[in-house]
Amino acid sequence: MVIVDLFTKQAADPLAQSVPRAMEGIGASWYLNSTQYETETGLYHYEWYVEVV
């Protein structure tokens, strides 16, 4: 299993939609584990769990 993290300053960053599409494009199994706003850094944090066989 691999964890993919995206940190961004944009609440609706297009990368947050591009990452799942890229994972599907390589045939990976994945799920969005969490999304959170980190007040200390001012960043939005997306976390996906990914598995490629």
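Our structure is the block above this text.
The structure reproduced in this document is the subject of the present report. Every chain's residues receive numbers from 1 upward, in the order its sequence appears when written. In view of the model being predicted, local features appear only for residues whose pLDDT reaches at least 70, and side-chain atom pairs are presented and counted only at 80 or more, with totals across whole chains, interfaces and linings using the full set of residues. The side-chain figures draw on all heavy atoms in the structure; neither hydrogens nor water molecules are used.

1. Topic: the packing of aromatic side chains
Note the threshold: The aromatic pairing rule takes the rings of Phe, Tyr and Trp, using the six-membered ring of Trp, and pairs them if the centres are within 6.5 Å, calling planes under 30 degrees apart stacked, those over 60 edge-to-face and the rest tilted. Elements are defined by DSSP. Helices are runs of H or I of four residues or more, strands are runs of E of two residues or more, and each kind is numbered from the N terminus. Exposure categories follow from relative accessible area, calculated using a 1.4 Å probe and restricted to protein chains: below 20% of the type maximum is buried, above 50% is exposed, and the middle band is partly exposed.
Evaluated as defined, the whole model comprises three aromatic pairs. A ring pair is formed by tyrosine 31 and tyrosine 49, whose centres lie 5.3 Å apart and whose planes are at 65°; its orientation type is edge-to-face. Pair noted here: tyrosine 31 is in strand 2 (residues 29-38) and tyrosine 49 is in strand 3 (residues 43-51), with a separation of 18 residues, a long-range link. Under the relative-accessibility criterion, tyrosine 31 is labelled partly exposed at 45%. The class of tyrosine 49 is partly exposed, set by a relative accessible area of 21%. Measuring from centroid to centroid gives 4.7 Å for tyrosine 37 and tyrosine 44, while their planes differ by 55°, and the two rings are tilted. Owing to a relative accessible area of 44%, tyrosine 37 belongs among the partly exposed residues under this scheme. A relative accessible area of 25% places tyrosine 44 in the partly exposed class.

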